[in-house]
Amino acid sequence: MEKSNKYTVAGHTFEVFLPDGYSKEEYLSPYSPFEVAGADVEPLFRLSLKVTDELRALNPGKVRHCLNEEAPYFWIFEPEDAPGRFNFGFSYSKTHPDCILMPSDDYCDNTVYIPSAYAERLAEFALSNSMMLLYTFKTTPLDTLMVHASVVAHEGKGYMFLGRSGTGKSTHSSLWLKNIAGTWLLNDDNPVIRVIGDDVFVYGTPWSGKTPCYKNESLPLDGVVRLSQAPHNDIKRLPMLQAYASLMPACSCMRWDRKSTDALHKTVEKVITKVGCWHLECLPDNDAAIVCSSAITK
């Protein structure tokens, strides 16, 4: 019998079903701080994990895209008998999908399939990537943004660092922890921003990349900083148009879906009108954190 597990991230609840022999302690441990009890909590979506002897027999459809520059690779399939609908896959290589996600029409009831031969190795990988995708799709219309960023907390407020892979987001956060007293790490890879009324909050999530930082905490978002490497440390506040261009690429979204994209644009606009956005040209040194904090925490 499948076991039901419910989790709430940034106020949005989802439900995960595991088959017999798969414990939440082993395969869903990053989610434990976000677990909720009670059948009265209605989830935004449900996800079931299924083990199959033949993954290819599922026939998810024609491959439309295989995205990402590094693992995990993201596959998009379009079923031949249902144009306009999509199935998805995730993999460690670009040769073939390691697991297949088959959503319902409304993305409310979904199943991710893993091959029995590699089930133990792929279960957590399939669940995590599927939940991130489904969470992003279902919450984007709800003034919610999943952002590729690192976030630190300081004096009751959150500060978010953006940048391309390899720019040094995690390094800059660690420099704050080292040099700015009272700073702690909220999330190191995929925090969530949520606009509620006139306020903007940043939330910890179960998705924190290579850093095990799974904090069920939220803070007012007080600054967004895009980092770029330079031979000096210099920070400037961005005007609206540049702030929009800075935050937008860091947000996850099913950009082929018009409704999701429209909702994303509107939420980004709300955030940049309420939160200061900055550009920090920096070295990976202690002074970078000091220069940044002195400017954005005023």
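As the structure is a prediction and not an experimental result, all values here were calculated from the model.

Analysis parameters
- Residues numbered from 1 in each chain as written.
- Predicted model: local features only at pLDDT ≥ 70, side-chain atom pairs only at ≥ 80, totals over all residues.
- Heavy atoms only, no water.
- 1 Å grid on protein atoms, 1.4 Å probe; cavity = no way out; pocket = protein on both sides within 12 Å on 5 of 7 lines; lining within 4 Å.
- Points joined across faces, edges and corners; volume = space filled by probe spheres on them.
- Helix = DSSP H or I, 4+ residues; strand = E, 2+ residues; numbered from the N terminus.
- Nonpolar A, V, L, I, M, F, W, Y, C, P; charged D, E, K, R; others polar.
- Phe/Tyr/Trp six-rings, centres within 6.5 Å; stacked < 30°, edge-to-face > 60°.
- Buried < 20%, exposed > 50% of the residue type's maximum accessible area, 1.4 Å probe, protein only.
- Salt bridge = Lys/Arg side-chain N within 4 Å of Asp/Glu carboxyl O.

## Regarding the layout of surface pockets
Each pocket or cavity is described by its volume, and for the largest pocket that value is around 2,100 Å³. Around the largest pocket, the lining is made up of 47 residues, and of these Asn68, Pro72, His148, Asp189 and Asn190 lie nearest the centre. The greatest single-element share of the lining of the largest pocket, amounting to 7 residues, is contributed by helix H2 (residues 119-139). Along the lines of polarity and charge, the residues of the lining of the largest pocket split into 21 nonpolar, 16 polar and 10 charged.

## Here's the deal with the packing of aromatic side chains
Evaluated as defined, the whole model comprises 17 aromatic pairs. On the basis of an interplanar angle of 25° and a centroid distance of 4.1 Å, the ring pair of tyrosine 92 and phenylalanine 125 is categorised as stacked. Residue tyrosine 92 is located in the loop between strand S7 (87-91) and strand S8 (99-103), and its partner phenylalanine 125 is located in helix H2; the two are separated by 33 residues in the primary sequence. We classify tyrosine 92 as partly exposed; its relative accessible area is 41%. Residue classification places phenylalanine 125 among the buried positions, given a relative accessible area of 10%. An aromatic cluster is defined as three or more aromatic residues linked by ring pairs; in this entry it consists of Tyr7, Phe14, Tyr31, Phe45, Tyr135 and Trp207.

## Details of the pattern of salt bridges
A complete count under the given rule lists 10 salt bridges for this structure. Between glutamate 78 and arginine 64 there is a salt bridge whose closest N-O contact spans 2.7 Å. Of this pair, glutamate 78 sits in strand S6 (residues 73-78) while arginine 64 is found in strand S5 (residues 62-67), placing the two residues 14 residues apart along the sequence. Classification of glutamate 78 by relative accessible area gives buried; the value is 14%. When salt bridges that share partners are traced, they join Glu15, Glu42, Arg46 and Asp109 into one network.

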